[in-house]
Amino acid sequence: MTLDQLRIFVAVAERQHVTRAAEALNLVQSAVSAAIATLEGRHAVKLFHRVGRGIELTEAGRLFLAEARAVLARAEAAEQVLADLSGLRRGTLAIRASQTIAGHWLPRHLVAFRAAYPDIVLRLGIGNTAQAAEAVRSGVAELGFVEGAVEDDGLASLPVAEDRLVLVVRPGHELAGCSQPAPSDLAAASWVLREPGSGTRSALESAVAAAGLAPDALTVALELPSNEAVLAAVAAGAGASVLSEAVVAPSLRTGTLVAVPLGLPARIFRVLRHKERYRSRAADALLDLIRAASTEDGAP
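By convention here, each chain's residues receive numbers from 1 onward along its written sequence. In keeping with the model being predicted, local features are shown solely for residues with a pLDDT of at least 70 and side-chain atom pairs are shown and tallied solely at 80 or more, while totals for entire chains, interfaces and linings include all residues. As a rule here, side-chain values cover all heavy atoms of the structure and leave hydrogens and water aside.

**Considerations on the nonpolar core**
- Counting residues in each nonpolar core, the largest one holds 23 residues, and the members touching the most others are Trp105, Leu106, Phe145 and Leu286.
- In DSSP terms, a helix is any run of H or I states spanning at least four residues, a strand is any run of E spanning at least two, and both are numbered starting from the N terminus. Within the residue set of this core, elements represented by two or more residues are β3 (92–97), α5 (99–105), α6 (107–116), β5 (143–146), β6 (155–163), β12 (267–274) and α12 (281–297).
- Here this core gets six residues from one element, more than from any other, and that element is α12.
- For this analysis, residues touch if any pair of their heavy atoms sits within 4.5 Å. With residues near it in sequence (within four places) discarded, leucine 106 still touches Ile95, Ala97, Ile101, Leu124 and Phe145.
- What we call a nonpolar core is a set of buried Ala, Val, Leu, Ile, Met, Phe, Trp, Tyr and Cys residues that are connected through their side-chain atoms within 4.5 Å. Exposure classes here rest on a 1.4 Å probe applied to the protein chains alone. A residue is buried below 20% of its type maximum, exposed above 50%, and partly exposed in between. Ranked by size, the runner-up nonpolar core spans 20 residues in total, among them Ala13, Ala21, Ala22 and Phe48.

**Quick word on the sheet that holds strand β11 (residues 258–260)**
- Two strands make a pair as long as DSSP finds a minimum of two bridges between them. Pairing is antiparallel across the open sheet formed by three strands, whose spatial order is β10-β7-β11. The open sheet has two free edges, formed respectively by β10 (241–244) and β11, since each of these has just one partner strand. The mean inter-strand angle of the sheet, taken between neighbouring strand axes irrespective of direction, is 50 degrees.
- Examined bridge by bridge, strand β7 (residues 165–169) and β10 share four bridges and lie antiparallel to one another. Its bridge partner being in β10, valine 168 is matched across the sheet by serine 241.
- Note on geometry: axes are lines fitted to C-alpha atoms, helical ones only across the stretch in contact, with angles between N-to-C directions running from 0 to 180 degrees. Contacts from helix α10 (residues 227–235) reach β7 and β10 within the one sheet, and its direction differs from that of β10 by about 135 degrees.
- In this fold helix α11 (residues 245–254) packs onto β7, β10 and β11, with an angle of close to 105 degrees to the strand it touches most, β10.

**Quick word on the packing of aromatic side chains**
- Working definition: a ring pair exists when centres of Phe, Tyr or Trp rings (six-membered ring for Trp) sit within 6.5 Å. Plane angles under 30 degrees give stacked, over 60 give edge-to-face, the rest tilted. Counting across every chain of the model gives five aromatic pairs.
- Between phenylalanine 9 and phenylalanine 64, the aromatic rings sit 4.8 Å apart at their centres with planes inclined by 45 degrees, giving tilted as the arrangement. Note that phenylalanine 9 is positioned in helix α1 (residues 3–15) and phenylalanine 64 in helix α4 (residues 59–85), a separation of 55 residues in sequence.
- Since its relative accessible area comes to 0%, phenylalanine 9 is described here as buried.

**Quick notes on the pattern of salt bridges**
- The salt bridge criterion pairs a side-chain nitrogen of Lys or Arg with a carboxyl oxygen of Asp or Glu, the two atoms within 4 Å. Considering all chains together, one arrives at 16 salt bridges under this definition.
- Between glutamate 14 and arginine 69 there is a salt bridge, and its shortest N-O distance comes to 3.3 Å. You can see glutamate 14 sitting in helix α1 and its partner arginine 69 sitting in helix α4, a full 55 residues away along the chain.
- The class of glutamate 14 is partly exposed, set by a relative accessible area of 47%.
- By relative accessible area, arginine 69 is classed as partly exposed at 33%.
- The residue glutamate 134 makes a salt bridge to arginine 137 at a minimum N-O spacing of 2.4 Å.

What follows is the structure in structure tokens.
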């Protein structure tokens, strides 16, 4: 088994398509198919179901995918050690970030890093807070940027920025124009929330609990996996939601949504690093750029 075979398997598994994987890897389709066939034949196991013209991971494939990703992550970490010795002139930095951070806060910092270190490849994966923490814990990513609290003795958590949450509703909603909703108002409303494990949802539940209302007292009409889906559902009248100020700002400007004063506390964006794994110079360089930008912006 070679690293190239693992890279090919992961590319096919993530895209569930041989041709698209071949294009992403700059390989001919026959080479990709041969690599998968070699893995399956050597170990007498099927990694993919062939369903019509498409493919799907088998149970064995799903189990193997986690291990393949971990092996590739360790190989990249080993390569990064050598790249550090060459003064950030080559290497890869794997990052996992929550949706809010990846979509609205992190991009400008990645652009600045790319300009300063053009030979370092950045690999950004997106997931909720729990998924970002797991990626750092398993070594799939070196840095995890999250807005939720993470309790893990194996991970170091450092503040990098501040964010504000906003309660938003559709114009005409019963909470629209309310100066300060009471706990009973919150309990009576229907809510559109991100999935459990999302930092945004955790922040709302903490705020509701601080107001003396049990989080399970909220009537959850919809649970959705992205900020964009939540915005669309709230604008369509499905209920109220709480999202990052950066996420809702365009909708507030156009009047699609209106903000309801709730006095939500600021929350902290944090970066997660494994306490025991090797810390690359590339990761340190990115964090240095973020700290410098935060100082210029006047952030804490």
